[in-house]
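Here are the chains, one letter per residue:
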Amino acid sequence: MNRIEYSAEIADLLGRVRRRPIAGWPWRPGEAVPAGLPVKQSWGWLFAPDGRVLTLVNPRDGIVSLPGGSLEQEDGGDPAAALAREAGEEAQAVIGRPRYLGYLYDRVGSANGGHECARVRMAAALRRVGPSQPDPASGRHYRRLLVAPGLAVELLGWGPQGVRQARAAVTAAVVHLGVPASANETIEELPPAGCVLFG
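Since the model is a prediction, treat every value here as computed from it, not as a measurement.

Another aspect to go through is the overall build of the protein chain. Check the secondary structure of the protein chain and you find 4 helices and 11 strands. Its C-alpha radius of gyration of 16 Å places the protein chain within 12% of the 16 Å reference for a compact globule of 199 residues. In terms of overall dimensions, the protein chain has a C-alpha envelope of 45 × 35 × 35 Å along the principal axes. Counting the 199 residues in the protein chain, one finds 49% classified as buried. Once local pairs closer than 6 in sequence are excluded, the contacts in the protein chain between residues at least 24 apart make up 74%. If you sum the accessible surface of the protein chain, you get close to 9,600 Å²; carbon and sulfur atoms cover 51% of it. Distance between charge centres in the protein chain, computed from 22 positive and 20 negative side chains, equals 3 Å.

Here is the structure:
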């Protein structure tokens, strides 16, 4: 097994990571969202060319997340549009066309006023990121890390369902984006000034 490399600054940041409790929403890989079940959120596995994915760390509370969030009126009901918008707001990221992976069935509707809903997962190429800025919706200023998908699952605290999601995302990225099946294991923070990943 390769040694995971990271800087002392990243070690300090990861030492403060806090995981949310696992919600236990059933993962429906490859299934279309049933008619009548509202899609309330869209989150993305955003891949760099070396197979790593973008994770966001809130340095205030240590919570790690993938880019994404709630669908807004401007998204026109399109989870791909919501993901592209949220990735831009949270991470100043420009992404390629998202590919649908499946959805999580939220039976208690914590994202939908107590009514059941779907939380979509997608995969896309991370083309570039701009200068780091706070999220205009929340004021959070995320640290942007590239990590291997398996490590992302650990940081997110998603357990076995997260592993299945990551596998679906990697499969889609290998086939459609040409990334390697085994990602670079180095943990890297993207530069505050931004950078280009996929040309």
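Text resumes after the structure shown.
This next bit is on unusual backbone geometry. Backbone geometry at Gln92 places phi at a positive 55 degrees, although glycine is not the residue there. Within the secondary structure, Gln92 sits in the loop between α2 (79-91) and β6 (93-95). Overall, the relative accessible area of 12% leaves Gln92 in the buried class.

Evaluation of the coordinates by the stated rule reveals 9 salt bridges. For the salt bridge of Glu74 with Arg85, the shortest nitrogen-to-oxygen distance reads 4.0 Å. Pair noted here: Glu74 is in the loop between β5 (68-70) and α2 and Arg85 is in helix α2, with a separation of 11 residues, a long-range link. A residue is classified by how much of its surface remains accessible, and Arg85, at 13% relative accessible area, is buried. Among the salt bridges present, the one from Asp106 reaches Arg119, with a minimum N-O distance of 3.0 Å. Of the two residues, Asp106 sits in strand β7 (residues 99-106) while Arg119 sits in strand β8 (residues 117-129), which places them 13 residues apart along the sequence. With respect to class, Asp106 is no different from Arg119; both count as buried. What emerges from the salt-bridge pattern is a single network uniting Glu74, Asp75, Arg85, Glu86 and Glu89.

To continue, consider the pairing of β7. Extensive coverage of β7 is indicated by the burial of 6 of its 8 residues. Where strand β1 (residues 27-29) lies against β7, 3 bridges are found, and the strand directions are antiparallel. Looking at the pairing, Arg28 lines up with Tyr103 of β7.

Between its first and last C-alpha, helix α4 (residues 159-177) extends 26 Å over 19 residues, near the 27 Å set by a 1.5 Å rise per residue. Listed as buried for α4 are Gln161, Gly162, Gln165, Ala166, Ala169, Val170, Ala172 and Ala173. Close packing links the buried residues of α4 with β1, β2 (39-47), β7, β8 and α3 (149-156). One or two residues past the end of α4 sits Gly178, with phi positive at roughly 75 degrees.

A contiguous patch of positive charge on the surface is contributed by Arg18, Arg20, Arg60 and Arg140. Here Arg60 is to be found in the loop between β3 (53-57) and β4 (64-65). Judged by its relative accessible area of 72%, Arg60 falls in the exposed class.

On to the side chain of Gln41, then. Within the secondary structure, Gln41 is located in strand β2. The exposure class assigned to Gln41 is buried, which follows from its relative accessible area of 10%. A polar contact is formed between the side chain of Gln41 and the side chain of Trp43, at a distance of 3.2 Å. Of note is the side chain of Gln41, whose polar atom sits 2.5 Å from the side chain of Arg119. When residues no more than four places from it in sequence are discounted, the contact partners of Gln41 are Gly69, Ser70, Leu71, Ala111, Ala118, Arg119 and Val120.

The rules behind each value
- Residues numbered from 1 in each chain as written.
- Predicted model: local features only at pLDDT ≥ 70, side-chain atom pairs only at ≥ 80, totals over all residues.
- Heavy atoms only, no water.
- Helix = DSSP H or I, 4+ residues; strand = E, 2+ residues; numbered from the N terminus.
- Rg over C-alpha atoms; globule rule 2.2 N^0.38 Å.
- Buried < 20%, exposed > 50% of the residue type's maximum accessible area, 1.4 Å probe, protein only.
- Contact = heavy atoms within 4.5 Å.
- Areas by Shrake-Rupley, 256 points an atom, 1.4 Å probe, with all protein chains shown as cover.
- Lys, Arg positive; Asp, Glu negative; His and termini not counted.
- Charge placed at Lys NZ, Arg CZ, Asp CG, Glu CD.
- Salt bridge = Lys/Arg side-chain N within 4 Å of Asp/Glu carboxyl O.
- Pairing = 2+ DSSP bridges.
- Expected span 1.5 Å × (residues − 1).
- Patch = residues over 30% accessible without salt bridge, like charges linked within 9 Å, V, L, I, M, F, W, Y side chains within 5 Å.
- Polar contact = N/O pair within 3.5 Å; in protein donor to acceptor, adjacent residues only side chain to side chain.

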